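Results of the structural survey
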Amino acid sequence: MKIIITERQADKLFGDKIVCKKCDHSWKIRKNDDHPFICNICGWDQKVKRYKNKELLKFWKSYE
Ligand SMILES: [Zn+2]
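The structure displayed is predicted, hence computed values, not measured ones.

Each value, and the rule that gives it
- Residues numbered from 1 in each chain as written.
- Predicted model: local features only at pLDDT ≥ 70, side-chain atom pairs only at ≥ 80, totals over all residues.
- Heavy atoms only, no water.
- Donors = N, O, S within 2.8 Å, 3.2 Å for Na, K, Ca; no water.
- Tetrahedral: all angles 85-135°; square planar, octahedral: opposite > 155°, others 65-115°.
- Buried < 20%, exposed > 50% of the residue type's maximum accessible area, 1.4 Å probe, protein only.
- 1 Å grid on protein atoms, 1.4 Å probe; cavity = no way out; pocket = protein on both sides within 12 Å on 5 of 7 lines; lining within 4 Å.
- Points joined across faces, edges and corners; volume = space filled by probe spheres on them.
- Nonpolar A, V, L, I, M, F, W, Y, C, P; charged D, E, K, R; others polar.
- Helix = DSSP H or I, 4+ residues; strand = E, 2+ residues; numbered from the N terminus.
- Phe/Tyr/Trp six-rings, centres within 6.5 Å; stacked < 30°, edge-to-face > 60°.
- Salt bridge = Lys/Arg side-chain N within 4 Å of Asp/Glu carboxyl O.

**Structural notes on the coordination of the zinc ion**
Here the zinc ion is held by Cys20 (SG), Cys23 (SG), Cys39 (SG) and Cys42 (SG), and the distances to it run 2.3 Å. Coordination at the zinc ion is tetrahedral, judged from the four donor atoms that bind it and the angles of 105 to 116 degrees they form at the metal. As a motif over one chain, the donors of the zinc ion read C-x2-C-x15-C-x2-C. For the pair Cys39 and Cys42, a shared accessibility class is recorded, and that class is buried.

**Here's the deal with the layout of surface pockets**
The space that makes up the largest pocket amounts to roughly 220 Å³. Residue lining of the largest pocket: Arg30, Asn32, Asp33, Asp34, His35, Ile38, Asn40, Glu55, Leu56, Lys58, Phe59 and Ser62, and that is the complete set. Tallied by class, residues from the lining of the largest pocket come to three nonpolar, four polar and five charged.

**Description of unusual backbone geometry**
Backbone geometry places Asp24, a non-glycine residue, at a positive phi of 70 degrees. In this fold, Asp24 is placed in the loop between strand S1 (17–19) and strand S2 (26–28). You will see that Lys49, though not glycine, has its phi angle at about 55 degrees, which is positive. Turning to its location among the elements, Lys49 is positioned in the loop between strand S3 (44–45) and strand S4 (50–51). Assessed through its relative accessible area of 53%, Lys49 is described here as exposed.

**Here we look at the packing of aromatic side chains**
Inspection of every chain in the model, using the stated rule, returns two aromatic pairs. Plain terms: the ring middles of Trp44 and Tyr51 are 4.8 Å apart, the flat faces sit at 75 degrees to each other, and that makes the pair edge-to-face. Seen from their ring centres, Phe59 and Trp60 are 5.1 Å apart, and the 80 degrees between their planes marks the pair as edge-to-face.

**Topic: the pattern of salt bridges**
Taken as a whole and assessed by the stated rule, the structure comprises three salt bridges. Linking Asp45 and Lys52 is a salt bridge whose minimum nitrogen-to-oxygen distance equals 3.6 Å. In this structure, the salt-bridge partner of Glu55 is Lys58, at a minimum N-O distance of 3.4 Å. Here the residue Glu55 and the residue Lys58 both occupy positions in helix H2 (residues 53–61), the gap between them amounting to three residues, near one helical turn.

Structural data, given as structure tokens:
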């Protein structure tokens, strides 16, 4: 039997979603992510509460 859950339910179950306090962008923590607390949109680090523009640049460069 296949169980289908909504994204909202999944968030409750796994509870590892982070919401950026600066731009409301949200994402899930990935285990292989070097900087799981940095917002990929604006570069705000939820943990140290500071913009990490260098890390943000690195993130986007990894897509090239
Ligand atoms: Zn953000």
